[in-house]
Amino acid sequence: MGRYFIESDASAKKSQQNDTEQVFNISKSSIKKVKKKNRHKKFKAKGIEYDKKKFKGKERGSADPFPGRKPVDPAKVEKHSRGQAVDVRAVKTLIKKKDLERQEKNIELAAETAARAAEVLLPEEAGYLEGDEDQEFTGRLTQTEIKAAVDPESAAKSFDLKLQEFGPYKCDYTRNGKYLLIGGRKGHVAAFDWTSKALLCEFNAMESVHSVKWLHTHNLFAVAQKKWTYVYDNQGIEIHCVKTMNNMIQLEYLPYHFILAGSSETGNLMWLDVSMGKIIKDTYTKQGRLDVMCQNPRNAVLVCGHSNGTLTMWTPNMQIPAAKMLAHGQAVRGVTVDRSGTYLATSSVDRSIKIWDIRAFKPLHEYKVGHGASQIRFSQRNLLGVSAGNIVQIYKDPTKGEISYPYMKHDTFKTVSQIQFCPYEDVLGIGHGGGFSSILVPGSGEPNFDALEANPYQTTKQRREAEVKMLLDKISPELIT
Amino acid sequence: MKVKVLKRNVEDFVRETKHDIHKIHRNYNQSEHPFEAEREYQRALNSVKLDKIFAKPFIGSLDGHRDSISCVAKHPDAVSSIVSASADGEVRLWCLSERKCTSTWPAHSGFIRGLTYTPAGAQVLSCGDDKTIKTWNVESPSDTPVDTIVCKNMVTGISHERKGDRFATCGEATQLWATGRSVPIRTFQWGVDTVHCLKFNQVETNVLAAAADDNSIIIYDTREVGAVRKVVMTLRSNALAWNPMEAFVFTTASEDYNLYSYDMRKLGRPINVHMDHVSAVVDIDYSPTGKEFVSGSYDKTIRLFRAMEGRSREIYHTKRMQRLTNVLWSNDDRYIVSGSDEMCLRLWKARASEKLGVIKDRERVSLQYKEKLKEKYAHHPQISRISRHKQVPKHVKNAAKEHATIRQKKKRKEANVNKFSKDPQFTDERQKAVVEES
């Protein structure tokens, strides 16, 4: 149905049209002649193939050289398609065959419409940072330079919080990127709107805090404290003390399953259903202290990295790991999975970062860095943030090809304890020994959010409705495979 | 250095005044929507469960008759008017939307066996045990009939053709009448048995189907001289109904607890057997869409079947509803009227969890989405388990168990006989119902 419009063809056509200028002398007699001649013939413009079905109504002298709808790039349609069509020829009954054919057509139409909509309806475009003629390499650009080059509102998104007394900070952003939660090792926990700096709550837990995590909205968050895991309200009121989740190091929240997952010092992985308050599974992994853990956002599987260089993947439905693979020769120190669930990045003590195809368990790229990275994280647009010591480096599109130099670099004044990309914003949050820093990383955030999934501009009413709808759509943990 | 940082204009994403609708921007990329299949499955599961929660099919009962209902008939076009007759000869007109009796009069001095509207809906024809066929005016009802025809024998059924002014009655003999005549135009006869049920085809308006007492079904054509085809079954058919959408399909309600759908062109084998009742099926009526039908049975239950399927999709029962005598599917495909022995007509919803009130656009879209989801995930075990589950009265459940045992025994015996015989005979379930065809 019409081929994709390529630039070269346009120019060729234009020249063709300009060459022969056709002049028509239209008189009544000539019209009659044409009518008589073409009474039984369908009008066909020379050199252009009409899709007869689409062009049924217009029969005569249409001046449109590109009839029909604007053709869509088949690659884009492929991106929106949901897999291969069913082979209709294999169906034996005629009625069912027609039914299936119709359904397949509808599905194709849906993919095409989505591809069209994607081009037109998305309001924002991604950020970028490019060097110019005299300085192509962007890796040496500092935050002050970038701040000077952008408007003051965006510049305000890059800030430093100097909180020296309460130890290295862990941080977490809500799903819509509006609220930030920071937790210092010595017990300081604060939740606030990071753009307007409006404080939601701030308190000291009087115990060591190992990890902080937002739950489904900005009204609840979980803090992994010295012994047990606590759930607090957005006002800092302690709501639950989950004694079964003890000695947690890392917390992960699975938003579509309403599950708070955690890895503990004793080598246990626990899945807690926060809507019901029930522990779904408590697995003893026998792999030792689990301090490296992340979730695969595509299928809600937990990926753990161990000190013997192996990676294990766990689901709440199996006692043994769903998959186990040898990633590095030495201890794995950082794991992260990208948003689409296709790539896995691991970093190890042997100063290498490997990119894997997670579904085929095949290594794609391997990079040698100067020092072993302790934290790595993928952003929404597949920028890889790597932190080692007090240096944070960001690599652009490490999954697509070999990268030789970083996209951006930032120094903090103390050792980095956690990095988190802010969803839907071009910002990276760094929790370090001296507090919290937020830096601008152009091109890291997804520019167009879907308001029905995560809406940074949610009103209270919308949040309430969204919460109810999410609870209704809560996926049963048995479906995590 | 060229730099651009994501910056969103708040005005583009937040509504201007509280009287506007919220701005919802969508991104249809798959990366924004993980777990699509799982969430859809969860929604399908929820909607199936909600269906069961909201399944309240009984709407109300129409009281008034002082004897068990013997016939009901529905208006050819109007949706809310029906007429019913009881065993003591009383005829009542009902308005279904108000659930009230609009008028009533004593029509016959005995049992009323048949009731039908004329195509315009202005008159009602009734026939009964007192050997008369009476025509009543419906718009201005009165005690005296417009016309009375006296017959030689008892008239056990009546049916009016879809267009025109002819109607047929059955009894000792099947007769074709025209309005205004006191003598039948034509008499059809095949065999010597009485015919107790008669129905005109709604599409092929010249074709009649009749159920006779010798366990047979006879197809008559009013254009030809007599009967066209006859099929004899194992047991008697109590009632039959034509599919209003398929010209050649009719379904009979048989004494052997099943319903048989036939293609009138090939009467040798029914196209479908509908099994689920545990006692004789007494009446059947098709939905105006032609895709479903309702059957009432002697086992005090109403079952709804899909025309192509062999098992019921729904069962309606109440402790207060005794033996069914008649069932009817309303013309707007939404309600079912059942008449039973305890002098009550009951009004039910055709789709038990349907909302009857005004449905707004968004609600309708949401309901359609749920329907489609249920269809998509219908084969998943959890979902099919929930949608199949029906609360069934104890006597029906026990009887069904017994019948299942009996059927299994017969099957096993047949299988064993075939295993050890020289020429095994395999007859399918559908063929077994037919004795002979002519």
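Computed from a prediction, not measured in an experiment: that's the story for all the values here.

## Examining the overall build of chain A
1) Next: Along chain A, the regular secondary structure elements total seven helices and 29 strands.
2) Next: Counting only residues that meet the buried cut, chain A has 48% of its 481 residues in that class.
3) Next: Long-range pairs, those at least 24 residues apart, make up 45% of the contacts in chain A between residues at least 6 apart in sequence.
4) Next: Summed over its atoms, the accessible surface of chain A is roughly 25,700 Å², and 52% of this surface lies on carbon and sulfur atoms.

## Remarks on unusual backbone geometry
Residue and element names in this part refer to chain A.
1) Next: A positive phi angle, near 60 degrees, is found at Met-206, a position not held by glycine.
2) Next: Relative to the helices and strands, Met-206 resides in the loop between β6 (198-204) and β7 (209-214).
3) Next: What makes Met-206 exposed here is its relative accessible area of 71%.
4) Next: A positive phi is found at Arg-351, a non-glycine position, where the angle reads about 55 degrees.
5) Next: Tracing the backbone through its elements, the reader meets Arg-351 in the loop between β20 (343-348) and β21 (352-357).

## A short note on a positive patch on the surface
All names here are of chain B.
1) Next: Together, Lys-409, Lys-410, Arg-412 and Lys-413 make up a positively charged patch on the protein surface.
2) Next: Looking at where Lys-409 falls in the secondary structure, it is placed in helix α5 (residues 394-419).
3) Next: The exposure class assigned to Lys-409 is partly exposed, which follows from its relative accessible area of 46%.

## Focus on the interface of chain A and chain B
1) Next: Listed by partner, the interface residues are 56 residues for chain A and 32 residues for chain B.
2) Next: A buried area of about 4,500 Å², summed over both sides, lies between chain A and chain B, and 53% of it is on carbon and sulfur atoms.
3) Next: Our enumeration of links across chain A and chain B arrives at eight salt bridges.
4) Next: Residue Glu-453 of chain A pairs with Arg-39 of chain B through a salt bridge whose shortest N-O separation is 2.8 Å.
5) Next: On the surface where chain A and chain B come into contact, there are 25 residue pairs in polar contact (both at pLDDT 80 or more).
6) Next: Counting only elements with at least two residues in the side of chain A that touches chain B, the list comes to α3 (74-80), α4 (94-120), β1 (128-130), α5 (143-149), α6 (152-155) and α7 (460-472) of chain A.
7) Next: Considered class by class, the residues forming the side of chain A that touches chain B number 25 nonpolar, 12 polar and 19 charged.
8) Next: Looking at chain direction, β1 of chain A and strand β1 (residues 2-4) of chain B are connected through three bridges and run antiparallel. In the sheet register, Leu-129 of chain A faces β1 of chain B, and the bridge partner there is Val-3 of chain B.

## Examining the packing of aromatic side chains
Geometrically, a pair of aromatic rings is defined through the distance of the ring centres and the angle of the planes.
1) Next: For the structure on display, the rule yields 23 aromatic pairs over all chains.
2) Next: Geometrically, the ring pair formed by Phe-293 of chain B and Phe-305 of chain B is stacked, given 5.3 Å between the ring centres and 20 degrees between the ring planes. One end of the pair, Phe-293 of chain B, is in strand β24 (residues 292-297); the other, Phe-305 of chain B, is in strand β25 (residues 302-306), and 12 residues separate them in sequence. Neither residue differs from the other here; Phe-293 of chain B and Phe-305 of chain B are each classed as buried.
3) Next: In textbook terms, an aromatic cluster arises when at least three aromatic residues are bridged by ring pairs, as seen for Tyr-179, Phe-203, Trp-214, Phe-221, Tyr-230 and Tyr-232 of chain A.
4) Next: Over the face of the ring belonging to Trp-228 of chain A we find Lys-243 of chain A, whose NZ or CZ atom lies 4.8 Å from the ring centre.

## Considerations on the pairing of β25 of chain B
All names here are of chain B.
1) Next: In terms of residue burial, β25 counts as a mostly covered element, since four of its five residues are buried.
2) Next: In this structure, β24 lies alongside β25, joined through five bridges in antiparallel fashion. Among the inter-strand pairings, Ser-295 is bridged to a residue of β25, identified as Arg-303.
3) Next: Where β25 lies against strand β26 (residues 312-316), four bridges are found, and the strand directions are antiparallel. Bridge assignment links Arg-303 to a residue of β26, and that residue is Ile-315.
4) Next: Linking β25 to β26, which pair antiparallel, is a turn of five residues.

## Describing the packing of helix α2 (residues 36-53) of chain B against helix α3 (residues 361-376) of chain B
Residues and elements named next belong to chain B.
1) Next: Contact pair α2 / α3: the axes reach a minimum separation of 9 Å and the direction vectors enclose 105 degrees. The orientation of α2 with respect to α3, classified from their angle, is roughly perpendicular. Mapping the contact onto sequence places Glu-40, Arg-43, Ala-44, Ser-47, Val-48 and Asp-51 in α2 and Tyr-369, Lys-370, Leu-373, Lys-374 and Lys-376 in α3.
2) Next: Each residue belonging to the contact of α2 with α3 can be placed in one class, and the counts come to four nonpolar, one polar and six charged.

## Overview of the sheet that holds strand β14 (residues 278-284) of chain A
Residues and elements named next belong to chain A.
1) Next: An order of β11-β12-β13-β14 is seen for the four strands of this open sheet, with the pairing classed as antiparallel. Only two strands of the sheet have a single neighbouring strand rather than two, namely β11 (248-254) and β14. Between one strand and the next, the sheet's axes are offset by a mean angle of 15 degrees, whatever the strand orientation.

## Overview of the sheet that holds strand β3 (residues 169-173) of chain A
Adjacent strands of a sheet pair through backbone hydrogen bonds, lying either parallel or antiparallel.
Residues and elements named next belong to chain A.
1) Next: On the basis of which strands lie adjacent, the open sheet formed by four strands has the order β3-β4-β5-β6 and antiparallel pairing. Each having just a single partner strand, β3 and β6 make up the two edges of the open sheet. Strand-to-strand twist of the sheet, defined as the mean angle between neighbouring strand axes without regard to direction, takes the value 10 degrees.
2) Next: As paired elements, strand β5 (residues 188-193) and β6 share six bridges and run antiparallel to each other. In the sheet register, Asp-193 faces β6, and the bridge partner there is Ala-198.

Here is what the cut-offs are and how they apply
- Residues numbered from 1 in each chain as written.
- Chains lettered and ligands numbered in written order.
- Predicted model: local features only at pLDDT ≥ 70, side-chain atom pairs only at ≥ 80, totals over all residues.
- Heavy atoms only, no water.
- Helix = DSSP H or I, 4+ residues; strand = E, 2+ residues; numbered from the N terminus.
- Buried < 20%, exposed > 50% of the residue type's maximum accessible area, 1.4 Å probe, protein only.
- Contact = heavy atoms within 4.5 Å.
- Areas by Shrake-Rupley, 256 points an atom, 1.4 Å probe, with all protein chains shown as cover.
- Patch = residues over 30% accessible without salt bridge, like charges linked within 9 Å, V, L, I, M, F, W, Y side chains within 5 Å.
- Salt bridge = Lys/Arg side-chain N within 4 Å of Asp/Glu carboxyl O.
- Lys, Arg positive; Asp, Glu negative; His and termini not counted.
- Charge placed at Lys NZ, Arg CZ, Asp CG, Glu CD.
- Buried area = accessible area lost by both parts, 1.4 Å probe.
- Polar contact = N/O pair within 3.5 Å; in protein donor to acceptor, adjacent residues only side chain to side chain.
- Nonpolar A, V, L, I, M, F, W, Y, C, P; charged D, E, K, R; others polar.
- Pairing = 2+ DSSP bridges.
- Phe/Tyr/Trp six-rings, centres within 6.5 Å; stacked < 30°, edge-to-face > 60°.
- Lys NZ or Arg CZ within 6 Å of the ring centre and 35° of its normal.
- Axes fitted to C-alpha atoms, helices over the stretch in contact; angles between N-to-C directions.
- Parallel < 35°, antiparallel > 145°, perpendicular 65-115°, else oblique.

By themselves, these are just geometric observations and shouldn't be taken as functional.
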